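Examination of the molecular architecture
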Amino acid sequence: MTPTPNARLLPFLMIAGALAGAAGWALTEAWDSAVLAPRALLFLTALAAAGFTLLLALSGPVAPARAVLPSVLAGAVLAAALWWASGRHGDVQSFLELGYPLAAFGLALSIAIPFLVAGLSRPGGWTDYPALFDATWETTVRLLAGVFFAALFWGLLSLSDALLRLVDVRLLEWVTDIEAVAWALTGTVFGLALAVMFRLSGQVSPVLLLRLLRLLLPVVLVVTLVFLAALPLRGWEGLAQGFSPAAILMAVALAAVILVTVAVDRDNGEAVHSRPWRMMTGALALCVPLLAGLGGWALWLRVAQYGWTPSRLMAASVAAVLLVYGLAYALSVLIGRHWMARLRAVNTWMALAVLAICLLWLSPAFEPERTAASDQVNRARSGVAGATLPLPELAQEWGRAGQAALDVIAEARPDLTAEIELARLGRSRPAPESLLAERRAAVIAALPVYPEGATLDSDSLAEMDGIQLSGLLEACARQVTGGPGCAFYRQGEARALLLQKVSEDFVTLTPMHLSDGLWQPGGRLITLDGDQGPGDRVAALEALHRGGVGTQSRTIEVLWLGDMLLYLPE
């Protein structure tokens, strides 16, 4: 009697899982013993990871025999791209530590799976949105179930071992004495779970997960609307406080994209039907470009201060993709009728675009290390403070492009010779007290202190490190009408406001407080008369220089700078 496809699937996936586990063990041992060149090991590891992941994900939705060749070919393409990109560095470790290689590889692999499942299931399936939607979520549920079952298996095995140890029977030692067996056993259990999940696909579907995710849509919408409404009232300074605000905004934008995708579902029959839910879905779709745009702006403020790095280029790519997503979503909703169908089409083409971008990052056509290094060379030539240049990263982390850029910087900036040599040796850039004292003195000389007659002691700035002092000096060098691009306003004995022009059209306002004789950032800054845009903030700094400053009593004491009213709470 010929076994049914489902009957053949169970042993196939268990054997494939066992082979995947054994391959993982063998490659781990190979890395530890360095039996091959690192780049060769990187290719083999990537090939095994991508090939087995594709094979285990495709088998079931696609007949196992038909899944083998596409899995090997697609895995080889991704592994070759990762191997090729690793040539940018002298060693594989520094290449992988940048983060973007594994991120691009993993994202490309994740996107490829549903397209391969849909495309191999029937001709033209890779353009069929319902098939892609089902493949994406069904594969996600199957793989998560496999991981959960493998973890549960080892948890129960450990519990059983603990029980049998009470009668001096060492069960776990029998299983784990040979490490390769443990790896292969994990893969076997994982493959078993995948096969069972596919057999029960009629009873176990991602519908429950999707319905639960839909419940989060109004929560995210309300939080987003509150944020967007409060942002003009509470001020923009939070967006200028480093990389974290940009990451948060982009993460929320990504969550919004996922929840909108879940709400429109595979087709109109499965999508949200009630008018309130449709309105909430459309509103959240309209919020995506706002969140992505704000995230991109927050990132740009950081870039304007410290230049490009590979991680900032990666963040900029994410922001750009989310902004295109958001603009396409907003346009689809605003056009009107059949906007859900247009959102599904956007999802298909944007997924392919993201896949292309991931491959682009691993191709010779775009090398983030070279782009970032070139920007840092330009910054060094423009005379920025050495403390704001990522010299250790150029020397140790950005591969051949970073080292070449460091040679150019050494030639252009003889004043940085000592720091560059230390960076090449892998040592931290020195920040002796004498150097910090010089920078504090330079800040005191360049930083106007208001109101008239107020003073600022250089010793009170001891909490500022070299990078902060250099950033403040750079801000002071950016002129505004009436004075430098910085100012320090003392309000009382222990409160103050530090203003810094961080880019050509944006000024940050940082509340400061005096503690144990040292000025430290802290406290909240509340605007009382609505938000001010970047132009208004520059105007406020200019007003401070020309004397347009004072206090008003509005039950609470506020600070006014020109037309801007601020409250600095205790």
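Owing to the predicted nature of the structure, the values given are computational and were not obtained by experimental measurement.

One finds Leu82, Leu284, Tyr325, Tyr329, Leu391, Leu394 and Ile409 to be the most contacted residues of the largest nonpolar core, which totals 107 residues. Not counting chain neighbours up to four residues away, the residues in contact with Tyr325 comprise Val257, Val346, Asn347, Met350 and Ala351. Counting residues in each nonpolar core, the second largest holds 18 residues, with Val480, Tyr489, Leu525 and Ala540 among its members.

The final tally for this structure, using the stated rule, is ten aromatic pairs. Considering the side-chain rings of Tyr129 and Phe133, the 6.1 Å spacing of their centres and the 40° angle between planes classify their relative orientation as tilted. One end of the pair, Tyr129, and the other, Phe133, are both in helix α6 (residues 129–165), four residues apart, so they sit about a helical turn from each other. The class of Phe133 is buried, set by a relative accessible area of 5%. Between the aromatic rings of Tyr325 and Tyr329, the centroid separation amounts to 5.6 Å while the plane-to-plane angle is 80°, which identifies the pairing as edge-to-face. On the criterion of helical spacing, the pair formed by Tyr325 and Tyr329 is a turn pair, its members being four residues apart in helix α13 (residues 310–335). Across this residue pair, the class does not change: Tyr325 and Tyr329 are buried.

In this section: the packing of helix α5 (residues 100–121) against α6. Where α5 meets α6, the closest approach of the two axes is 8 Å, and the angle between their N-to-C directions is 125°. Classified by the angle their axes make, α5 and α6 are oblique. Once α5 is placed against α6, the crossing between them reads as right-handed. Residues Ile113, Pro114, Phe115, Val117 and Ala118 of α5 touch α6, and the partners they reach there are Ala131, Leu132, Ala135, Thr136 and Thr139. Class assignment of the residues belonging to the contact of α5 with α6 gives a composition of eight nonpolar, two polar and no charged.

Considering all chains together, one arrives at twelve salt bridges under this definition. We note a salt bridge from Arg122 to Asp128, for which the minimum N-O separation is 2.4 Å. On the basis of relative accessibility, which here comes to 40%, the residue Arg122 falls in the partly exposed class. Linking Arg211 and Asp265 is a salt bridge whose minimum nitrogen-to-oxygen distance equals 3.6 Å. Placement of the pair is Arg211 in helix α9 (residues 207–214) and Asp265 in the loop between α11 (243–264) and α12 (275–306), with a sequence separation of 54 residues. The exposure class of Arg211 is partly exposed, given its relative accessible area of 31%. A cluster of three or more residues bridged by salt bridges with shared partners is formed by Arg211, Arg214, Asp265 and Glu270.

A few words now on the packing of α6 against helix α8 (residues 179–199). Two elements in contact, α6 and α8, have axes whose closest approach is 8 Å; the angle formed by their N-to-C orientations is 135°. Between α6 and α8, the angle is such that the two are oblique. Crossing hand, α6 versus α8: right-handed. Where α6 abuts α8, its residues Val141, Arg142, Leu143, Ala145, Gly146, Val147, Phe149, Ala150, Phe153 and Trp154 lie against Ala182, Leu185, Thr186, Val189, Phe190, Leu192, Ala193, Leu194, Met197 and Phe198.

The next point concerns unusual backbone geometry. Across the junction of Tyr450 and Pro451, the peptide omega takes the value 0°, indicating a cis bond. With respect to the helices, strands and loops of the structure, Pro451 is situated in the loop between β1 (449–450) and α20 (466–477). Unusually for a residue other than glycine, His338 sits at a positive phi of about 60°. Looking at the element boundaries, His338 is found in the loop between α13 and α14 (339–361). Take His338: its relative accessible area is 55%, and that puts it in the exposed class. With phi around 55°, Asp516 is a residue other than glycine that occupies positive phi space. Structurally, Asp516 is set in the loop between β4 (506–515) and β5 (518–521). A residue is classified by how much of its surface remains accessible, and Asp516, at 80% relative accessible area, is exposed.

The rules behind the values
- Residues numbered from 1 in each chain as written.
- Predicted model: local features only at pLDDT ≥ 70, side-chain atom pairs only at ≥ 80, totals over all residues.
- Heavy atoms only, no water.
- Core = buried A, V, L, I, M, F, W, Y, C linked by side-chain atoms within 4.5 Å.
- Buried < 20%, exposed > 50% of the residue type's maximum accessible area, 1.4 Å probe, protein only.
- Contact = heavy atoms within 4.5 Å.
- Phe/Tyr/Trp six-rings, centres within 6.5 Å; stacked < 30°, edge-to-face > 60°.
- Helix = DSSP H or I, 4+ residues; strand = E, 2+ residues; numbered from the N terminus.
- Axes fitted to C-alpha atoms, helices over the stretch in contact; angles between N-to-C directions.
- Parallel < 35°, antiparallel > 145°, perpendicular 65-115°, else oblique.
- Left-handed = near helix turned anticlockwise from the far one by under 90°.
- Nonpolar A, V, L, I, M, F, W, Y, C, P; charged D, E, K, R; others polar.
- Salt bridge = Lys/Arg side-chain N within 4 Å of Asp/Glu carboxyl O.

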